[in-house]
Structures are given as C-alpha cells and as structure tokens.
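Close look at the chain arrangement
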Amino acid sequence: MEFAEVARELLLVAPADFVRERTARQRAVRKDDRALATRIGGLRKPAPAAWVVELLAHEGALDEAVDLGPAIRQAQADADPAAIRQLRQQRGAVVTALAQAGADLASHAGHPATSAVLDQVRATIEAAMTDPHAGAAVRSGLLVRPLESAGFEAVDLDGALADPDAVPDAWSGTDAEPIPITSARRTREASRASRPDPGPRAEPESEEQPTPAADPAAERRAAREAESVARSESRDADAALDAAESDLEVAEDHRSDLERQLAEATAAVGRAERARDEAEAASDRARELLRAAQRHRRDVGR
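By convention here, each chain's residues receive numbers from 1 onward along its written sequence. Owing to the predicted nature of the model, reporting of local features is limited to residues with pLDDT of at least 70; listing and counting of side-chain atom pairs is limited to 80 or more, with chain, interface and lining totals taken over all residues. As a rule here, side-chain values cover all heavy atoms of the structure and leave hydrogens and water aside.

Before going further, it helps to spend a moment on the overall build of the chain. For the chain, the count of helices and strands is ten helices and zero strands. Throughout, exposure labels follow a simple rule: accessible area from a 1.4 Å probe, protein chains only, divided by the maximum for the residue type, with under 20% read as buried, over 50% as exposed, and the rest as partly exposed. When the 302 residues of the chain are sorted by exposure, 29% land in the buried category. Each accessible area is a Shrake-Rupley result for a 1.4 Å probe, and residues are judged covered by the shown protein chains and nothing else. Per element, the accessible surface of the chain, about 19,500 Å² overall, is 53% carbon and sulfur. Secondary structure elements follow DSSP: runs of H or I no shorter than four residues count as helices, runs of E no shorter than two count as strands, and numbering proceeds from the N terminus.

Structure (structure tokens):
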C-alpha cells in the first residue's frame, strides 16, 4: 500500500481521533513495511478546517468550485466588469453552499465545526478558485492545513500537503520549488555572518537625514517571510504535540499490558496458594490416617 493511499484514509478521521487511528495503522504495517510505518508515524494531524475540506473532497463536492476558477481568472484578465460581477455572485453562492455541506458532514461525523473553522473552509475553497495549484491541492485528499489567497499572488502551499510528491499538479508551473524554512534561515544567517564589520558607528550629524522611501514589495516579502516562519514554528509545535500524544498512547498501552500481566500473576499466586493449602490439608489427613492405621495394627497384634 502506498503512503498517499494510507494518508488519504487517515486524514478523513476526525482530528480528535486521529492520533489513535494513526498509531493503530502504524502498528499494523510495521512488521511488513517499516519504512511505510515510519512515514505513517510522521503524518501530521490535519487542522480542523483541512479535515472538513477532506470530507468535501472525498464526496467529490469541490469539483464545481475548482472548475469555476479558470472562468473567474479569465474574466479578471479581460477586465470584464459584468462577467466578473456575475462570476463573483456565483462564487459566493458556491462557497456558501459548500461551507454548509462541510458543516453537515462534520456534524454527521460527530465533530461539529465552529464558525471560525468554517471561515477557514471558505477561505480555502476561495483559494482553490484563485490558484489552479491550490485547486489541485484541495482536491487531492491530502490537505493538512487550510489555504488562503492573497490578491493575485500564488497561494502558499508550503507544508499544505501530507505527500506533495503525490500531487504534482499542485506544484507544476511554479517558478521554483519551495525553499524549506530551515534552509532560508541558514541562508539569511550566513549572509549576515559574511557581512564586514562596519566598525564604530559614526556620531549622528546635526542635520536630519532624509528617511528612505518605504519599498512596498520589500515589506510584502518581509511579511510573507515572517508568516512563513510563524507557520513553520506552528507546524513544529503541532508535530511535537502529535508525537507527545502518540508516545503517551504507547505508554498507556504498555501500562495496560503491565497491569494485565500483574493481575494475571496475582491470580496465579492466589491459585498456587490455594493449591498449597489444599495439598497441606491432604497431607495432614494422610498422616492422620497413617497414624490410625499404625495404631490399629498394634492393637490387632496384641
């Protein structure tokens, strides 16, 4: 079985039950395929909004929304106000209907979605309409976090999929492969370290220096970088939480095994003690019978 296939099944499990089901699947395949078991153990728990989107994708309910995307993008490219207005109305109706369908699916699964989660579901569906790569991502059944579009920029898909290699359409056509956050950090740190020491800072001149004009593009890049770092730290924290929950579940299973073994050992000791008492009583009776037989023989011999 391929990892993507297992991941699609697990990502349909409600987030509250995810760690337990993931551990069970990992144990089930560990004997036959340790590499697959390792990948299953590293599968991230989906965010609640991503889980709701998975439910919609599993039902094939997202096709209309994603297919509406090219028409919207073409109308925007043609600057056709009437077409844009009509398509936006249609988009709003589709997104609203899908959010309600997702809420119904979540409730039916026993885990109702909050209004905040449904807001993220709507944003994810709108992102799928905005960017064709995001559309492929939400229909893949491998989404682990919600998406958000930012104007005409490409939707950030870094860390959005459980198995990016299984969804090539989510990445094809981009200018370059996403740079891992850790690599970006190392690059920035190396750049800072390689800068020459400017030496003592000069005393400020009496006259005010003109403030350089703000660069909107640089500010947007800095904002995206800060958001990307924050998202990475959030993913790391979620992964640490998942690992701790998994370790706790394993420890609890081990404790249950030990408690069961202790109970069985205690019962065995009890049975052994009862058998010893019965054997001791039988030995006492046998000795008494022996003494009686010996007395009877002496009485007969007189």
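The angle between two axes is taken between their N-to-C directions and runs from 0 to 180 degrees, where each axis is a line fitted to C-alpha atoms and a helix contributes only its stretch in contact. Running from amino to carboxyl end, helix α4 (residues 48-58) crosses helix α7 (residues 115-130) at an angle of 60 degrees, the nearest separation of the two axes being 8 Å. Comparing their axes, α7 and α4 come out oblique. For the element pair α4 and α7, the recorded crossing hand is right-handed. Here α4 contributes Pro48, Ala49, Val52, Val53 and Leu56 to the contact with α7, which in turn contributes Val117, Gln120, Val121, Thr124 and Ile125. Per-class residue counts for the contact of α4 with α7 are eight nonpolar, two polar and no charged. Reported orientations rely on four angle classes, namely roughly parallel under 35 degrees, roughly antiparallel over 145, roughly perpendicular from 65 to 115, and oblique for the rest. Put simply, a crossing is left-handed when the front helix is turned counterclockwise from the back one by less than a right angle, and right-handed when it is turned clockwise. The contact rule is simple, with two residues in contact once any of their heavy atoms fall within 4.5 Å. The nonpolar class holds Ala, Val, Leu, Ile, Met, Phe, Trp, Tyr, Cys and Pro. Asp, Glu, Lys and Arg form the charged class, and all remaining residues, Gly among them, are polar.

On to the environment of Ala7. Along the chain, Ala7 turns up in helix α1 (residues 3-10). You can call Ala7 buried: its relative accessible area is 0%. Separated by 33 residues in the primary sequence, Ala7 and Ile40 have C-alpha atoms spaced 7.4 Å apart. Excluding anything up to four places from it in sequence, Ala7 contacts Leu43, Leu142 and Ala162.

In this section: the pattern of salt bridges. Once the charged atoms of two side chains with opposite charge are near each other, the side chains can pair. Any Lys or Arg side-chain nitrogen located within 4 Å of an Asp or Glu carboxyl oxygen qualifies as a salt bridge. Per the counting criterion, the structure on display carries nine salt bridges. Here Asp156 and Arg145 are joined by a salt bridge, their closest N and O atoms 3.9 Å apart. On the criterion of sequence distance, the pair formed by Asp156 in the loop between α8 (132-139) and α9 (181-194) and Arg145 in the loop between α8 and α9 is long-range, its members being eleven residues apart. The salt bridge partner of Asp284 is Arg287, with a shortest N-O separation of 2.3 Å. Remark: Arg287 and Asp284 occur in helix α10 (residues 216-301); sequence separation between them is three residues, near one turn of the helix.

On to α1, then. All of the buried residues in α1 are Phe3, Ala4, Val6, Ala7 and Leu10. What you see down the axis of α1 is that its buried residues fit within an arc of 160 degrees, all on one side. Against the buried residues of α1 lie α2 (15-30) and α3 (34-41). As used here, the arc is the angular range of directions from the helix axis to the C-beta atoms.

What follows deals with the packing of α7 against α8. For the pair α7 and α8, the least separation of the axes is 5 Å and the interaxial angle reads 130 degrees. Between α7 and α8, the angle is such that the two are oblique. Residue-level inspection shows Thr124, Ala127, Ala128 and Thr130 of α7 in contact with α8, the latter providing Pro132, Ala134, Gly135 and Val138.

Right, let's get into the nonpolar core. Of all hydrophobic cores here, the largest spans 50 residues; its most connected members are Leu62, Val121, Ile125, Val138, Leu143, Leu147 and Leu157. Elements supplying a minimum of two residues to this core: α1, α2, α3, α4, α5 (63-78), α6 (81-108), α7 and α8. The element best represented in this core is α4, accounting for eight residues. Among all residues touching Val121, those that are not within four sequence positions of it are Ala49, Val52, Val53 and Leu56. Put simply, a nonpolar core is a bunch of buried Ala, Val, Leu, Ile, Met, Phe, Trp, Tyr and Cys residues held in one set by side-chain atoms that sit within 4.5 Å of each other.

Averaged over all residues, the pLDDT of the chain is 76; the fraction at 70 or higher stands at 65%. Here α9 is the element of the chain with the lowest mean pLDDT, 38, and α4 is the one with the highest, 95. Confidence of the predictor in every single residue is expressed as pLDDT, which spans 0 to 100. Across residues 172-211, where pLDDT falls below 50, the model places 17 contacts with residues more than four positions away in sequence or in other chains.

This next bit is on the environment of Gly42. With respect to the helices and strands, Gly42 occurs in the loop between α3 and α4. In this structure the C-alpha to C-alpha distance between Gly42 and Arg22, which are 20 residues apart in sequence, comes to 9.3 Å.

We now examine α4. In terms of burial, α4 is a largely internal element, nine of the eleven residues being buried. Positive phi shows up at Gly60, right after α4, with a value of about 70 degrees.

Attention now moves to the side chain of Asp163. With respect to the helices and strands, Asp163 occurs in the loop between α8 and α9. Since its relative accessible area comes to 8%, Asp163 is described here as buried. Setting aside chain neighbours within four positions, we find Asp163 in contact with Phe3, Ala4, Arg39 and Leu142.

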